[in-house]
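# Summary of structural features
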Amino acid sequence: MRRGLVAAAMIVLAGPAFAKDAAHEARELTPSDIKFEDNPAFPKGAQSMLIHGDPTKPEFFIIRLKFPPNYAVPAHTHPAFESVTVLTGSMGSGMGKKVEKSTGKMLEAGSLLLLPANHPHYVWTENDETIIQVAATGPFDIIYVNPEEDPRKQ
């Protein structure tokens, strides 16, 4: 059920401009085409837009996420391999079941974070707004290590 809620939120947030089957069409997107919306799967402040695909299905998808300054996503996992590219700003990245920024690494724009399925990790921002792009294959979900930190349950 949790997977369905996340995916449904991502799809709803994608907007009508991308509602048709884009997998078989060439598209060109500019930054002005990216319309970020609040995403209930992340702590308040994060915004997202589904760029391509359907995370509820066993297919390739791309989503962009925008994090405000001084923001953190608690430790979590995903059921599939995830590729994260830092597009703007910088993002802290740490591995493990609880946020420990001192053991993490700052990733600047242009950096990649490659994560195997079910690998606990967390991310944060410092002074800059940060935009990342996630590419993965569905079905996809964000599973918080500590269920009490899941914003969908608050």
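Check the entry above for the structure.
Here goes a summary of the coordinates provided. Just so you know, these numbers come straight off a predicted model, no measurement behind them.

### Thoughts on the nonpolar core
In this structure, F42, F67, V73, M91, L113 and I132 are the most contacted members of the largest nonpolar core, which totals 24 residues. If you list the elements that add at least two residues to this core, you get β3 (60-67), β5 (82-88), β8 (112-115) and β10 (130-137). Here the element with the most residues in this core is β3; it accounts for four residues. Ignoring sequence-local partners within four residues, the contact set of M91 consists of F67, V84, V86, K105, M106, L107, L113, V123, W124, T130 and I132.

### Quick look at the sheet that holds β8
Overall, antiparallel pairing links the six strands, which are arranged β1-β2-β3-β10-β5-β8 in an open sheet. In this open sheet, the two edge strands, each paired with only one partner strand, are β1 (37-38) and β8.

### Overview of the packing of aromatic side chains
The description of two aromatic rings rests on the distance between their centres and on the angle between their planes. Summed over the entire model, instances satisfying the criterion amount to four aromatic pairs. A centroid spacing of 6.3 Å and a plane angle of 55° characterise the contact between F42 and F67, whose relative ring orientation is tilted. Residue F42 is located in the loop between β1 and β2 (47-52), and its partner F67 is located in strand β3; the two are separated by 25 residues in the primary sequence. The burial state of F42 is the same as that of F67; both residues are buried. Of the aromatic side chains, those joined through ring pairs into one cluster are F42, F67 and Y71.

### Considerations on the pairing of β5
Successive residues of a regular strand alternate their side chains across the two faces of the sheet. Bridge count for β5 against β8 is four bridges, and the pairing is antiparallel. Paired with E82 across the two strands is L115, which belongs to β8.

### As for the side chain of S93
Note that S93 resides in strand β6 (residues 90-95). Classification of S93 by relative accessible area gives buried; the value is 8%. Beyond its immediate sequence surroundings of up to four residues, S93 is in contact with G104, K105, L107, L113, Y122 and W124.

### Description of the sheet that holds strand β11 (residues 143-144)
Strand order in the open sheet formed by five strands is β7-β6-β9-β4-β11, and the pairing between neighbours is antiparallel. Whereas interior strands pair on both sides, the edge strands pair on one side only; in this sheet they are β7 (105-108) and β11. Inspection of the sheet shows strand β4 (residues 72-77) paired to strand β9 (residues 121-124) by three bridges, in the antiparallel sense. Across the sheet, residue A72 finds its bridge partner in β9, namely W124.

What counts and what doesn't
- Residues numbered from 1 in each chain as written.
- Predicted model: local features only at pLDDT ≥ 70, side-chain atom pairs only at ≥ 80, totals over all residues.
- Heavy atoms only, no water.
- Core = buried A, V, L, I, M, F, W, Y, C linked by side-chain atoms within 4.5 Å.
- Buried < 20%, exposed > 50% of the residue type's maximum accessible area, 1.4 Å probe, protein only.
- Helix = DSSP H or I, 4+ residues; strand = E, 2+ residues; numbered from the N terminus.
- Contact = heavy atoms within 4.5 Å.
- Pairing = 2+ DSSP bridges.
- Phe/Tyr/Trp six-rings, centres within 6.5 Å; stacked < 30°, edge-to-face > 60°.

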